[in-house]
Amino acid sequence: MVYDDSLSPTVAQLQLKQVSFVTSAKGAIPGTTILGDISFEVAKGDRITLIGPSGAGKSSLLRLLNRLSEPTCGKIYLDNQEIQTIPVLQLRRQIMLVPQEPKLLGMTVREALAYPLVLQQLGKSAIAQRIQTYGERLHIPENWLERTELQLSVGQRQLVAIARALICQPQIILLDEPTSALDAGTASHVLGVLADMADQDQITVLMVNHQLDMAKLFCNRILYLQTGQLIQDTSATNMDWNLLRDSLVKAQAQAAQEWGVEEF
């Protein structure tokens, strides 16, 4: 792995130590290694983009961080506490995942935004204020609030899902292709909001994003995964973006030959 020593955080918020993930899930060959011997540290306020071809293990890595999956071996720590010792609901309030295909589970937008705050037992006025604040910040129109999932496009559901996560004010937010269905202007605005929150509120962001132009503007750090291995960990300013793009194209071509995958 290529590692940039300047990135080693003085105080690590999140640590992965020799983490591997082997699965026998449906559709996978029993004993398939999804991630192997992954180690890195994350500092509070980091803006990290996970890059790599399809099948590299990016989404699986995000799922390990809030215990939607469990590592086969190795340890993951949040503020020096092993995450397996933190109650799952408590952990997921601190580390929130926005999946690639978010669902509102039959709720209206207002209900979906309010639901996690109701579970936290916030009062009605506090919930209404949070919805207004984050709705305005992310440019969610008022007339969306009574719409259901079926009345929203995929991109609109992505935007609502990001708002639903941010409204809970987590320490760490995990985003799996959060801008894939957004138009360029909306995507740029959303990433700008996330960057501002990372800088001002010290929220930490780990994001899978294949749109390199977007990643270049957003992140301060790149983690490049390939075939379940962490190949490169470097700052965005030190990244050779043309070389990265060429490497991704080659890796994806190889993945297409092996697995029939067409896009990264």
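Residues numbered from 1 in each chain as written. Predicted model: local features only at pLDDT ≥ 70, side-chain atom pairs only at ≥ 80, totals over all residues. Heavy atoms only, no water.

Please provide a residue-by-residue account of the side chain of Arg47, values included.
Following the sequence through the fold, Arg47 ends up in strand S4 (residues 47-51). Looking at Arg47, its side chain comes within polar contact range of the main-chain oxygen of Phe218, at 2.3 Å. (Helix = DSSP H or I, 4+ residues; strand = E, 2+ residues; numbered from the N terminus. Polar contact = N/O pair within 3.5 Å; in protein donor to acceptor, adjacent residues only side chain to side chain.)

Run through the packing of helix H3 (residues 109-119) against helix H5 (residues 154-166), naming residues and quoting values.
Closest axis-to-axis distance for the H3/H5 pair is 8 Å, and the angle between their directions is 25°. Viewed along their axes, H3 and H5 adopt a mutual orientation that is roughly parallel. For the pair H3 and H5, the crossing hand works out as right-handed. Residues Val109, Ala112, Leu113 and Pro116 of H3 form the contact with H5, whose own contacting residues are Val160, Ala163 and Arg164. Among the residues forming the contact of H3 with H5, the class breakdown is 6 nonpolar, no polar and 1 charged. (Axes fitted to C-alpha atoms, helices over the stretch in contact; angles between N-to-C directions. Parallel < 35°, antiparallel > 145°, perpendicular 65-115°, else oblique. Left-handed = near helix turned anticlockwise from the far one by under 90°. Contact = heavy atoms within 4.5 Å. Nonpolar A, V, L, I, M, F, W, Y, C, P; charged D, E, K, R; others polar.)

Explain the nonpolar core to me, and be specific about the residues and the numbers.
When a protein is soluble and globular, its nonpolar side chains tend to lie buried together. Counting residues in each nonpolar core, the largest one holds 54 residues, and the members touching the most others are Leu138, Leu166 and Trp241. Considering every element that reaches this core, the biggest residue donor is helix H6 (residues 184-200), with 8 residues. Setting aside chain neighbours within four positions, we find Leu138 in contact with Leu159, Ile162, Ala163, Leu166, His189, Val190 and Val193. Of all hydrophobic cores here, the second largest spans 29 residues; its members include Phe21, Leu50, Ala56 and Leu64. (Core = buried A, V, L, I, M, F, W, Y, C linked by side-chain atoms within 4.5 Å. Buried < 20%, exposed > 50% of the residue type's maximum accessible area, 1.4 Å probe, protein only.)

So what about the packing of H3 against helix H4 (residues 124-137)? Which residues, and what values?
At a minimum axis separation of 10 Å, H3 and H4 run at an interaxial angle of 130°. On the basis of their axis angle, the class for H3 and H4 is oblique. As H3 runs across H4, the sense of the crossing is right-handed. In this structure, H3 uses Arg110, Leu113, Ala114, Leu117 and Val118 to contact H4, whose residues at the interface are Ile127, Arg130 and Ile131. Here the residues of the contact of H3 with H4 are counted per class, giving 6 nonpolar, no polar and 2 charged.

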